[in-house]
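# A look at the structure
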Amino acid sequence: MKGSMKNKATAIALAALLATVTACSNSNPEKVSQSEGQAAETAQPSSAASEENVDPFGKYDPPIKLSTVKIFNASDKFVPGETADKNVWLDGYLKDLGIEMKVNWSVVGDETGGPGEQKLNVSIASNDLPDIIPVNSKQLKQLVDNDMAEDLTEVIEKYASPQLKKFLAVNDGLALKTSTFDGKVLALPYVASSLDAASMIWLRKDWLDKLQLPEPKTMEDILNISDAFANRDPDGNGKKDTFGIGLAKDVYGGGLYDLNGFFEGYHAYRNLWLEDEEGKLVYGGVQPEMKQALGKLQEMFLAGQIDAEFGVKDATKVNESVVSGKIGLFYGQHWNAFYPLPDSFKQDPSAEWKPYPIVSADDKPAIPSIGTGVNPESVNGYTAFKKGSKHPEALIKLANYYVDKEYGWDTGGYDDDFHQPDPNPEGYIRWRLAAVYMSDPGQNIGIYRGVKAALENNDQDALKNLQVKSNYDIYNRFMENKDPASYGNAKWAGPKDTALSILDYYDSQRLGISDQFFGSKTDTMVQKQSTLDKLQLEMYSKIIMGAVPVDAFDQFVADWKKLGGDTITQEVNAWYESTK
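The following refers to the structure shown. All residue numbers here refer to positions counted from 1 along the written sequence of the relevant chain. In keeping with the predicted nature of the model, local features appear solely for residues at pLDDT of at least 70, side-chain atom pairs appear and are counted solely at 80 or more, and the whole-chain, interface and lining totals rest on all residues. For the side-chain quantities, the full set of heavy atoms in the structure was used; hydrogens and water were omitted.

Pairing within the open sheet is antiparallel, and its three strands lie in the order β12-β9-β13. Taken across any chain shown, the strands that pair with only one partner, and hence form the sheet edges, are β12 (329–332) and β13 (353–356). Within the sheet, the average angular offset between the axes of one strand and its neighbour, ignoring direction, is 25°. Examined bridge by bridge, strand β9 (residues 200–204) and β13 share four bridges and lie antiparallel to one another. Strand pairing requires that DSSP identify at least two bridges connecting the strands. Helix and strand assignments come from DSSP, with helices taken as H or I runs of at least 4 residues and strands as E runs of at least 2, each series counted from the N terminus. Axes here refer to lines fitted to C-alpha atoms; in helices the fit is confined to the stretch in contact. Angles between the N-to-C directions go from 0 to 180 degrees.

A cavity here means a set of points on a 1 Å grid, drawn over the protein atoms and nothing else, where a 1.4 Å probe fits but cannot get out; a pocket is an open set with protein on both sides within 12 Å along at least five of seven lines, and a residue lines either one if it has an atom within 4 Å of a point. Grid points are joined across faces, edges and corners, and a volume is the space filled by probe spheres set on the points. Here the largest pocket is characterised by a volume of approximately 1200 Å³. Together, 39 residues line the largest pocket, and N271, N375, P376, E377 and D515 are the ones closest to its centre. If you list the elements that add at least two residues to the lining of the largest pocket, you get α9 (260–264), β14 (369–370) and α18 (523–544). Counting residues per element, the lining of the largest pocket draws most heavily on α18, at four residues. Gly falls in the polar group here, along with every residue not listed as nonpolar (Ala, Val, Leu, Ile, Met, Phe, Trp, Tyr, Cys, Pro) or charged (Asp, Glu, Lys, Arg). Split into classes, the residues belonging to the lining of the largest pocket amount to 15 nonpolar, 18 polar and six charged.

Turning next to the nonpolar core. One recurring pattern in soluble globular proteins: nonpolar side chains tend to sit buried together. Of all hydrophobic cores here, the largest spans 101 residues; its most connected members are F262 and F263. The element best represented in this core is helix α19 (residues 552–578), accounting for nine residues. Residue contacts follow a heavy-atom distance rule, with two residues in contact if any of their heavy atoms lie within 4.5 Å. Setting aside residues up to four positions removed in sequence, F262 forms contacts with M219, L223, A293, K296, L297, M300 and Y331. One finds A149, A187, Y401 and Y402 within the second-largest nonpolar core, a separate group that totals 67 residues. What makes a nonpolar core is a set of buried Ala, Val, Leu, Ile, Met, Phe, Trp, Tyr and Cys residues whose side-chain atoms join them at distances within 4.5 Å. A simple rule labels every residue: compare its accessible area, found with a 1.4 Å probe on the protein chains alone, to the largest value its type can have, and call it buried under 20%, exposed over 50%, or partly exposed in between.

So, about the packing of aromatic side chains. To pair, rings of Phe, Tyr and Trp, with the six-membered ring standing in for Trp, must have centres within 6.5 Å; the planes then decide the type, stacked if under 30 degrees apart, edge-to-face if over 60, and tilted in the middle. Taken as a whole and assessed by the stated rule, the structure comprises 32 aromatic pairs. Residues W207 and F229 carry aromatic rings whose centres are separated by 5.1 Å and whose planes lie at 90° to one another, so their mutual orientation is edge-to-face. Here W207 is found in helix α7 (residues 205–210), whereas its partner F229 is found in helix α8 (residues 219–231), with 22 residues between them in sequence. Pair check on accessibility: W207 and F229 agree, each one buried. Geometrically, the ring pair formed by Y283 and W560 is stacked, given 5.2 Å between the ring centres and 5° between the ring planes. With Y283 in strand β11 (residues 281–283) and W560 in helix α19, the pair connects residues that are 277 residues apart, well separated along the chain. When sorted by exposure, Y283 lands in the same class as W560, which is buried. The rule for a charge over a ring is simple: NZ of Lys or CZ of Arg within 6 Å of the ring centre, and within 35 degrees of the ring normal. In this structure, K119 packs its charged tip against the face of W105, placed 5.0 Å from the ring centre.

This is a description of form; function is not addressed.
Have a look at this one:
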């Protein structure tokens, strides 16, 4: 944080590619060290693995037998005839890999604390585990503490395909580090995009042009735009009935009408643990930069730039103001291109929404917060292998198989038979039936770059990726006839001034900062975190609405520390020291 904190992106040295995993310093600590769109180009098999000529997709002959369990979401729908025990993935494992997979049990309910988590907790407690174990971070820690998880370091090094290695290396391999204990990789993370969590600014460009305002390059520009949108009649109806910035009651949750990007313009991170100048982790939500950002928001609220009723309005209610043309500025995420902006376009086709990167209040760059590349709370956040079971390398082969069938555009491994039907009016899915799965962390940026290459350079190879081809076709359809049904995709993946163009900018500039605490919840977090979170949201809201002076932030910090924050900080730093 300014004056007391240095932003540090975690770097992971993959010695002989994942032979060992160690934390190291980054010469440019405020920036993501590895491009999400072009990760791990140096990820090559070690010489030892090459000499052994290991086949990442090698088939067992005779077949081997492995077991797993499945935890589904209540909304999951499968093609008639396909079940947890009988589906295209299990058939493929046996046919192509020589792996006969048995599903010991399956259950519906993947929510935190739900039936799936509870049932697996019983299995862990009774040591009645399958070979392949889907777990969340807390359950993974239980396996590790009881020496029940197999060390996967060597088998990842030897057996991971180039494509899987690329996925694991994104964001300096931070997702993999979350499953590393004492230098040993003890589970395979469900890798996902970290950049997708980055904030961006959504603005009515037609309003900017009408009021002759410059596009935002600084936080001062944003403050001026907010003032003008509230006071200079941007909708031209002669009434003072517009707001400067959209905000919902959750203040900073959900990626829509939240303030994360605004805070980050002041280098304030409301829920990240970041390293200070002494090398200790401190909680961003109680740092001085946050007080400065909240003070600006209070000024905006008292000046009438923020809806006085925002404290009781959820995102759905704020949508009404956006669609009806009363809000022309808000902070959100890339998916806002699909919601709520298409409804705004349907209501008023002249409403020209344009995304921008977050901007800074000073001469330092604004760095968006991004994810770790894994959801530690998910019951499928990690996949461990039962210690002592035979063939731990089979877990990596299963992961290779999945990413090849799902994302093997370049390898030729992509296979429609493993995807949901097309067309798919019933909403059937197949990916959840796989024993091991993960998403391509560079998928969205890859779509953007592919569409851009096809449109601007007539790159036909880019269209081999069917996701690129689909968005390319939709974009062209929108440009031809302004089809409202195509608006969301066009505003998301088009070649210029679109949501993914902002993520591509962050990626190419290596901008992003991740939470430096990625362990399981500490004991005091389990007991006190919900109370502290409630206290934080209440105080932020009160300050913004002018119900208390800005200096009340100081008392909030004192209360936060006394009510458990200091103890949590000690626990977090004890964990941090253990990872070094």
